[in-house]
Each structure stands twice: as structure tokens, then as C-alpha cells.
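These are the residues of each chain, in order.
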Amino acid sequence: ADYLEHAVMVKPDDGAYSIAVPALPEIHTFGETPEEALRLAREAMALALYYRRDNDIDVPPSDTATARLVTIAVPAA
């Protein structure tokens with residue numbers, strides 16, 4: 001079996017955590033904890049990828065090799 005890996009962004013969102021997947025813009029999910037949000041994101045990603053495959057819609061290649069985390073220190077005002 002082939003495996004795809006896609007970068008996800010976890011963002012605090014009004015007491016919960018939202019997930020965005022840049023390679024799969026149709027995915028928008030959230031959870032009460034980061035772990036729950038990621039679990040739901042995995043399910044949504046699988047559904048999106050199966051739907052794309054079954055309907056001959058482009059399936060983006062893995063993008064985690066090019067994903068980067070950038071930390072920038074900004075002095076407090």
C-alpha cells in the first residue's frame with residue numbers, strides 16, 4: 001500500500017482547536033483538545049482522499065518533506 005503524508009495546522013480556536021490541511025482545502029475540523037482535533041483530521045483526510053481517488057479528482061502528493069515550522073521571537077509591546 002502507498003502512504004500519503006500531509007502537513008496539518010493545529011490552531012487554538014475559541015477554547016477548541018481547529019485543523020487546516022493546506023493540501024486538502026476541503027478539510028475543516030476541530031476538537032476540544034489537539035489530540036481529538038488530529039484524530040478527527042485523520043478521519044476527514046482519509047475520507048477526502050478516498051473521495052478524490054474514487055471520483056478521479058487529483059490526489060496531492062505527500063508534502064511533509066517540504067513542510068517547515070518557523071518560530072519567530074517578537075518583543076512584547
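In the block above lies the structure referred to throughout.
Description of the structure in this document. Counting of residues starts from 1 at the beginning of each chain's written sequence and follows it residue by residue. Confidence filtering applies because this is a predicted model: local features only for residues at pLDDT of at least 70, side-chain atom pairs given and counted only at 80 or more, and all residues used for totals across whole chains, interfaces and linings. In computing side-chain values, all of the structure's heavy atoms are included and hydrogens and water are not.

### Overview of the side chain of S18
Point 1. Within the secondary structure, S18 sits in strand β2 (residues 16-20).
Point 2. Contacts are assigned to residue pairs that have any heavy atoms within 4.5 Å of one another. Leave out the neighbours within four places in its chain, and S18 touches M9, V10, K11, D13, T29 and F30. Working definition: helices are DSSP H or I runs of at least four residues, strands are E runs of at least two. Numbering for both runs from the N terminus.

### Observations regarding the environment of D13
Point 1. When you line up the elements, D13 lands in strand β1 (residues 9-13).
Point 2. Through-space distance from the C-alpha of D13 to that of H28 is 12 Å; in sequence the pair is 15 residues apart.

### Some details on unusual backbone geometry
Point 1. Positive phi values are uncommon outside glycine, yet D14 reaches one of about 55 degrees.
Point 2. Among the secondary structure elements, D14 is positioned in the loop between β1 and β2.
Point 3. Residue classification places D14 among the exposed residues on the basis of a relative accessible area of 80%.
Point 4. In the Ramachandran plot, D56 falls in the positive-phi region, its phi being about 55 degrees despite a non-glycine side chain.
Point 5. With respect to the helices and strands, D56 occurs in the segment after α1 (34-54).
Point 6. Burial here depends on accessible area, computed with a 1.4 Å probe over protein chains only, as a share of the maximum for the residue type. Under 20% is buried, over 50% is exposed, and the range in between is partly exposed. Classification of D56 by relative accessible area gives exposed; the value is 76%.

### So, the sheet that holds strand β3 (residues 28-31)
Pairing between sheet strands relies on hydrogen bonds along the backbone, with the strands arranged either parallel or antiparallel.
Point 1. One open sheet accounts for three strands, arranged β1-β2-β3; its pairing is antiparallel. The open sheet has two edge strands with one neighbour each: β1 and β3. Neighbour-to-neighbour, the strand axes of this sheet turn through a mean angle of 30 degrees, independent of strand direction.
Point 2. Relative to β2, β1 runs antiparallel, the two sharing five bridges. Of the residues in β2, the one forming a bridge with M9 is A20.
Point 3. Sheet strands in contact with α1 are β1, β2 and β3, and its direction is about 145 degrees off that of β3. A pair of strands is considered paired only if DSSP assigns at least 2 bridges between the two. Inter-axis angles, ranging from 0 to 180 degrees, are taken between N-to-C directions of lines fitted to C-alpha atoms, where helices are fitted over the stretch in contact.

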